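Chain residues, written in single-letter form:
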Amino acid sequence: MNIQNYINGQFENPISKEWIDNYNPANGDVYGQTPNSSKKDVEKAYQSAKAAFKQWSLTTLEERSKILIKISELLEANLDRFAEAESKDNGKPISLAKAIDIPRAASNFRFFGNAITQFASESHESVGKNAINYTLRQPIGVVGCISPWNLPLYLFTWKIAPAIAAGNCVVAKPSEVTPMTAYLLGEICNEAGLPEGVLNIVHGLGTTTGQSIIQHPGIKAISFTGGTATGAHIAKVAAPMFKKLSLELGGKNPNIIFADCDYDDMLKTTVLSSFANQGQICLCGSRILVEASIYEKFKEDFVEKVKQLKVGHPSKDTTNIGALVSKSHLEKVLNYIDIGKNEGGKILCGGNKVIVKNYENGYYLEPTIIEIKTNECRVNQEEIFGPVVTIMPFETENDVLEMANKVKYGLSTTLWTNDLKRTMRMSTQLQAGIVWVNTWMLRDLRTPFGGIKASGVGREGGFEALRFFTEAKNVCIKY
Ligand code: NDP
């Protein structure tokens, strides 16, 4: 199936007529083509967004809200179709796409459809000066949204929904590795009555299509989720043009387990936080740090549970771990397993490719646990972004704090303990944008979402996203 760009409400081929193969990770087959859009396509998308902006920015909040909620309803009504497409494109179990990815994409539209009707701005009475100041929060204009392949529609819509809710028009690019659900979204937007040009989706490679978006002088803000190196490149290109930037980047998140935790709950959740979506979630707890007194028990129980996970074709209900997203990503993850072995890590389970019957060319890998000796080793410091976790014991709270923070990333942390004072102490000292205590991935869309250090700049979620996608203007009236 061939994918087309969605510009000004129309589906069209790329002007250059250049295409990229689209692979099915479950069997390695090419099953369609995606445009490799050039600067000209991005320009066309930009012009369409620019032309739509005036009218869209003046559309009432009720009308915008109604359209966003309609998109959400249509996504829900098309759950099976979208989940099948996501699973085929990405390799994730269809059960996961049905339970998480597509419902969350629908929630993103519903949430921001409602949030925009509640978004208030401040006023400040300048007492004694006979003046009042109030803040206008106005849409920016044309904004760029660029998203990765791991949670394709989920993250794509997490940007688009607040951008259009706030009155902007968008030029968006999904990852070229997983373009399918973004393509299908165009149809839904038309059906929901989103005016032409408000959302424009251009497909293609990061280095061509993505690059054209970030360097376009008329695109005034970039919301990007992806790797840290790409984020640094975008910041460099965008800075001289003074674009607003939101960068959600990589992670290497600690999962800190104290002996006083609710053990069974921790064990069950740790299997998920390690391997959900084949470990390809920026929030996965890929560094497991366990208090020494329960280390041996945890190790035994964890390995036993992980060995029970079923690697298989994404369409099967029995599958826990589907295929990795691409051949090159599989090779990257396998290379990290070799690095782990070479630096003295012990493979407690997994470590090998899996050949799934009838799908021998698919990109399958066993969930892998590496027991490491030092916090500094590469597999414990660099983002692998696959079904690979490291484990290591710790002695004291101070030791684990130091280990947890001694990494260039700072996205999320999970802390397992029933000690309230320790929770309070550690939450303030952990260097991360999110601290989960006795849970993982419990999301409330109103909360600020993002990382510190090499995990990014800026926050998404709730009113933070609406603030990002608007410019604050102070109006001062003397009376
Ligand atoms: P990449 O950084 O490779 O790509 C992300 C997006 O940027 C893709 O659409 C990509 O296009 C595009 N891109 C690449 N180069 C450029 C460029 N020069 N200009 C503009 N756009 C460009 O990341 P991945 O897709 O590999 O995603 C995995 C990464 O995403 C991991 O590091 C992960 O941690 C991070 N991530 C962060 C999250 C967070 O919230 N902090 C959430 C989820 C993932 P193309 O695919 O065509 O190359």
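Definitions and limits used
- Residues numbered from 1 in each chain as written.
- Predicted model: local features only at pLDDT ≥ 70, side-chain atom pairs only at ≥ 80, totals over all residues.
- Heavy atoms only, no water.
- Near = heavy atom within 4 Å.
- Polar contact = N/O pair within 3.5 Å; in protein donor to acceptor, adjacent residues only side chain to side chain.
- Areas by Shrake-Rupley, 256 points an atom, 1.4 Å probe, with all protein chains shown as cover.
- Helix = DSSP H or I, 4+ residues; strand = E, 2+ residues; numbered from the N terminus.
- Nonpolar A, V, L, I, M, F, W, Y, C, P; charged D, E, K, R; others polar.
- Buried < 20%, exposed > 50% of the residue type's maximum accessible area, 1.4 Å probe, protein only.
- Contact = heavy atoms within 4.5 Å.
- Pairing = 2+ DSSP bridges.
- Axes fitted to C-alpha atoms, helices over the stretch in contact; angles between N-to-C directions.
- Patch = residues over 30% accessible without salt bridge, like charges linked within 9 Å, V, L, I, M, F, W, Y side chains within 5 Å.
- Salt bridge = Lys/Arg side-chain N within 4 Å of Asp/Glu carboxyl O.
- Phe/Tyr/Trp six-rings, centres within 6.5 Å; stacked < 30°, edge-to-face > 60°.

Turning our eyes to something else, we now look at the site of the ligand. Looking at the ligand, there are 31 residues lining it, with Gly227, Thr230, Leu249, Cys282 and Glu383 nearest. Contacts to the ligand include Gln211, whose side-chain N or O atom sits 3.1 Å from a nitrogen atom. A distance of 2.8 Å is found between an oxygen atom of the ligand and a backbone nitrogen or oxygen belonging to Gly227. Out of a free accessible area of 900 Å², the ligand has 88% covered by protein chains. Sorting the residues of the shell around the ligand by element identifies helix H7 (206-214), strand E10 (221-225) and helix H8 (228-238) as the ones contributing at least two each. The dominant element in the shell around the ligand, judged by the number of residues it contributes, is H7, at four residues. A breakdown of the residues in the shell around the ligand according to their chemical character gives 13 nonpolar, 14 polar and four charged.

So, on to H8. Buried within H8 we find Thr228, Gly231, Ile234, Val237 and Ala238. Its buried side turned inward, H8 meets H7, E10, strand E11 (244-248) and strand E19 (409-410).

Let's shift gears to the environment of Ser427. Note that Ser427 resides in helix H14 (residues 420-429). Exposure remark for Ser427: the relative accessible area of 27% places this residue in the partly exposed category. C-alpha separation for the pair Ser427 and Thr413, spaced 14 residues apart in sequence, amounts to 9.0 Å.

This brings us to the sheet that holds strand E6 (residues 131-139). Overall, antiparallel pairing links the three strands, which are arranged E5-E6-E24 in an open sheet. If you trace the sheet from one side to the other, it starts and ends with strand E5 (123-126) and strand E24 (470-478), each paired once. Within the sheet, the average angular offset between the axes of one strand and its neighbour, ignoring direction, is 20°. Relative to E24, E6 runs antiparallel, the two sharing nine bridges. Opposite Gln138, over in E24, you have Glu471 as the bridge partner.

What follows concerns unusual backbone geometry. Phi angles above zero are rare outside glycine, and Asn8 is one such case at about 55°. Note that Asn8 resides in the loop between strand E1 (5-7) and strand E2 (10-12). Positive phi, close to 55°, is recorded for Asn277, a residue that is not glycine. Overall, Asn277 belongs to the buried group, its relative accessible area being 2%.

Take a nonpolar patch on the surface next. Taken together, the side chains of Ile132, Tyr134, Leu136, Ile477 and Tyr479 define a hydrophobic patch exposed on the protein surface, amounting to about 430 Å² of accessible area. In terms of residue count, E6 provides more of the nonpolar patch than any other element does, three residues in total. The residue Tyr479 is located in the segment after E24 in this model. Exposure remark for Tyr479: the relative accessible area of 57% places this residue in the exposed category.

Here we take up the sheet that holds strand E13 (residues 287-291). Strand order in the open sheet formed by seven strands is E14-E17-E18-E13-E12-E20-E21, and the pairing between neighbours is mixed. Looking along the sheet, the strands with just one partner apiece sit at the ends: strand E14 (346-349) and strand E21 (434-437). Between one strand axis and the next, the sheet turns by 25° as a mean value, whatever way the strands run. Two strands pair when backbone bridges link them, and E13 and strand E18 (residues 388-394) are joined in this way by five bridges, in the parallel orientation. Counted as the bridge partner of Leu289 is Met392 from E18. In the packing of helix H13 (residues 397-405) onto the sheet, contacts are made with strand E12 (254-257), E13 and E18, and the angle to E13 comes to roughly 175°.

A separate point is the packing of aromatic side chains. Under the defined criterion, the tally for this structure stands at 10 aromatic pairs. Relative to Phe11, the ring of Tyr6 lies with its centre 5.2 Å away and its plane at 40°, an arrangement referred to as tilted. Accessibility expressed as a relative area gives 3% for Tyr6, which makes it buried. On the accessibility criterion, Phe11 (28% relative accessible area) is partly exposed. With 6.4 Å between their ring centres and 15° between their planes, Phe275 and Phe302 make a pair best called stacked.

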